[in-house]
Amino acid sequence: MKASNAISSKRDNPAARPRSEESSSTTKRFTLSGPSADLDPRYDAFRADLADVALADRLFAPHYAQPVARPAGPDGANLYETPGQSAEVLGELGPHESFALLDVTGDWAWGYRSSDHLVGYVQASKLTASEG
C-alpha cells in the first residue's frame, strides 16, 4: 500500500478517527478566528503557561483554567504584581471579598479580584475555602 493510500484510508475509516470522548474532556469548543487580540495583563488573566478560560476565544494558551471563587478571610489580603511580599502591591481584597482563583503554586494564588478583574497574586493562606 502506498503511503498516500494509507493516509487516505485512515482519514476515511471512522474507526481510525478519535472518538469525541477521547479527543476532549470539555463539551464546549473554542476556536480563534484570527490573530490573538490585544489584551491588558492588568485586567485579562493570562500568563505564558495559563489563561482564564473566558479568554479562549481571543487568546491561544497552552492551558486554560476555570476560575474558582475564593473569598478573602476576615482580615482581607493584598493583591501583588508577582508572588512575594516584596512585590508591588496592586490593590487589596477587603474582608470576605471574592477572588477568582486560577492557579495555586506554593504559598501563592494567582487570579483576579472579582469586583473589577484586577489580576495578581494573593497569599493562598489569606483566602478561605469557599463562598458564604
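Residues numbered from 1 in each chain as written. Predicted model: local features only at pLDDT ≥ 70, side-chain atom pairs only at ≥ 80, totals over all residues. Heavy atoms only, no water.

In this section: the overall build of the protein chain. Across its full length, the protein chain holds two helices and eight strands. Beginning at the N terminus, the succession of helices and strands in the protein chain can be written as α-α-β-β-β-β-β-β-β-β. Within the protein chain, the fraction of its 132 residues that count as buried is 30%. Across the protein chain, contacts joining residues at least 24 apart in sequence account for 46% of those joining residues at least 6 apart. When the accessible surface of the protein chain is totalled, it reaches about 8,700 Å², and 51% of it is carbon and sulfur. (Helix = DSSP H or I, 4+ residues; strand = E, 2+ residues; numbered from the N terminus. Buried < 20%, exposed > 50% of the residue type's maximum accessible area, 1.4 Å probe, protein only. Contact = heavy atoms within 4.5 Å. Areas by Shrake-Rupley, 256 points an atom, 1.4 Å probe, with all protein chains shown as cover.)

The next thing to look at is the packing of aromatic side chains. Applying the stated criterion across every chain yields a total of one aromatic pair. Note on Tyr 80 and Trp 108: the rings are 5.4 Å apart at their centroids and 90 degrees apart in plane angle, and the pair reads as edge-to-face. Taken together, the residues span a long stretch of sequence, with Tyr 80 in strand β4 (residues 77-80) and Trp 108 in strand β7 (residues 108-113) at a distance of 28 residues. For Tyr 80, a relative accessible area of 6% corresponds to the buried category. A cation over an aromatic ring shows up here: Arg 47 above the ring of Trp 110, its NZ or CZ 4.4 Å from the ring centre. (Phe/Tyr/Trp six-rings, centres within 6.5 Å; stacked < 30°, edge-to-face > 60°. Lys NZ or Arg CZ within 6 Å of the ring centre and 35° of its normal.)

Let's shift gears to the nonpolar core. Of all hydrophobic cores here, the largest spans 12 residues; its members are Ala 45, Leu 50, Ala 65, Tyr 80, Ala 87, Ala 100, Leu 102, Trp 108, Trp 110, Tyr 112, Val 119 and Tyr 121. For this core, the secondary-structure elements that each account for two or more residues are β6 (98-105), β7 and β8 (119-123). Broken down by element, this core gets its largest block of residues, three residues, from β7. Look past the residues within four positions of Val 119 in its chain and what remains in contact with it is Pro 41, Arg 42, Tyr 43, Asp 44, Ala 45, Leu 79, Leu 90, Trp 110, Gly 111 and Tyr 112. Ala 72, Leu 93, Ala 109 and Leu 127 belong to the second largest nonpolar core, which has 10 residues in total. (Core = buried A, V, L, I, M, F, W, Y, C linked by side-chain atoms within 4.5 Å.)

For β8, the tally of buried residues reaches four of five residues, placing the bulk of the element in the interior. Bridge count for β7 against β8 is five bridges, and the pairing is antiparallel. When the sheet's bridge partners are listed, Trp 108 is paired in β8 with Gln 123. Between β7 and β8, which pair antiparallel and follow one another directly, the connecting turn spans five residues, one of which, His 117, has a positive phi of 70 degrees. (Pairing = 2+ DSSP bridges.)

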